[in-house]
Amino acid sequence: NAGVMQNPRHLVRRRGQEARLRCSPMKGHSHVYWYRQLPEEGLKFMVYLQKENIIDESGMPKERFSAEFPKEGPSILRIQQVVRGDSAAYFCASSGDGNEQFFGPGTRLTVL
Amino acid sequence: GENVEQHPSTLSVQEGDSAVIKCTYSDSASNYFPWYKQELGKRPQLIIDIRSNVGEKKDQRIAVTLNKTAKHFSLHITETQPEDSAVYFCAASRAGGTSYGKLTFGQGTILTVHP
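Okay, so let's go over this structure. What you are looking at is a predicted structure, and each value in this text was computed from that prediction instead of being measured.

Some words on the overall build of chain A
- Along chain A, the regular secondary structure elements total 0 helices and 11 strands.
- Here the C-alpha radius of gyration of chain A, 13 Å, is about what a compact globule of 112 residues would show, namely 13 Å.
- Judged by the C-alpha coordinates and their principal axes, chain A covers about 35 × 25 × 25 Å.
- The buried share among the 112 residues of chain A stands at 45%.
- Here the analysis covers contacts within chain A between residues at least 6 apart in sequence; of these, 51% occur between residues at least 24 apart.

A closer look at the side chain of threonine 107 of chain A
Residue and element names in this part refer to chain A.
- For threonine 107, the location among the structural elements is in strand E11 (residues 107–111).
- Separated by 2.5 Å, the side chain of threonine 107 and the backbone oxygen of proline 8 make a polar contact.
- Setting aside anything within four residues of it in sequence, one finds threonine 107 in contact with Gln6, Asn7, Pro8, Arg9, Leu11, Leu21, Ala88, Ala89 and Tyr90.

Overview of the state of the cysteines
- Enumeration over the complete set of coordinates arrives at 2 disulfides over all chains.
- One disulfide in the model links cysteine 23 of chain A with cysteine 92 of chain A; its S-S distance is 1.9 Å. Every disulfide takes its handedness from the sign of the S-S torsion; for cysteine 23 of chain A and cysteine 92 of chain A that torsion is 70°, giving right-handed. With cysteine 23 of chain A in strand E3 (residues 19–24) and cysteine 92 of chain A in strand E9 (residues 88–95), this residue pair connects regions lying 69 residues apart in the sequence. Each of the two residues, cysteine 23 of chain A as well as cysteine 92 of chain A, counts as buried.
- Between the sulfur atoms of cysteine 23 of chain B and its disulfide mate cysteine 90 of chain B the distance is 1.9 Å. Between cysteine 23 of chain B and cysteine 90 of chain B, the disulfide has an S-S torsion of -100° and is therefore left-handed. One end of the pair, cysteine 23 of chain B, is in strand E3 (residues 19–25); the other, cysteine 90 of chain B, is in strand E9 (residues 86–92), and 67 residues separate them in sequence. Neither cysteine 23 of chain B nor cysteine 90 of chain B differs from the other in exposure class; each is buried.

Procedures and definitions
Residues numbered from 1 in each chain as written. Chains lettered and ligands numbered in written order. Predicted model: local features only at pLDDT ≥ 70, side-chain atom pairs only at ≥ 80, totals over all residues. Heavy atoms only, no water. Helix = DSSP H or I, 4+ residues; strand = E, 2+ residues; numbered from the N terminus. Rg over C-alpha atoms; globule rule 2.2 N^0.38 Å. Buried < 20%, exposed > 50% of the residue type's maximum accessible area, 1.4 Å probe, protein only. Contact = heavy atoms within 4.5 Å. Polar contact = N/O pair within 3.5 Å; in protein donor to acceptor, adjacent residues only side chain to side chain. Disulfide = S-S within 2.5 Å.

Right, here's the structure in full:
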């Protein structure tokens with residue numbers, strides 16, 4: 001049973017470019033969460049999705065950030081017009097029942 | 001919204017000693033409290049969790065206690081080993097409603113176990 005998969009593991013973008021981060025939940029899990037971790041800080045909730053629905057996006061900046069979890073395929077976190085402050089590790093987690101969350105290996109985004 | 005405070009921020013112990021990390025939370029509706037261990041450059045890994053209908057849970061050298069009245073929960077690691085060295089995060093969440101399962105994390109504790 002494969003765990004939560006994320007790709008790419010490392011992503012380098014120049015200011016103003018777009019970043020697309022992908023997350024495939026564990027098999028059988030229908031809940032996906034995205035968290036951001038700034039260097040030497042804790043994890044901050046961004047968005048919670050179920051298939052084809054955004055359930056809670058209260059932690060996601062209103063501008064430049066969007067997320068989706070289509071019926072087929074991985075969940076995608078999209079950051080448009082990246083700025084240096086977007087540099088962070090982005091983790092997704094999945095859950096089968098909304099409680100225990102299992103994390104992916106993360107995508108480390110560096111904005112030059 | 002929920003706010004989780006975690007102490008201490010760093011903890012240094014000798015191998016074989018016990019380590020205790022404490023967290024407080026603000027939302028009385030929170031009912032699920034996991035602990036995660038994160039090694040440098042790695043993913044957070046769930047090590048133990050507790051739900052609000054239980055006061056204590058133990059798994060080998062790791063135990064967690066919960067005091068709902070005080071909104072306080074703690075992680076206890078006994079007989080520490082160098083491989084326990086990592087950053088530990090507590091978290092809280094509320095089951096039900098639109099924020100079902102959303103985790104609010106503490107700031108983390110850097111645990112160093114000296115051989």
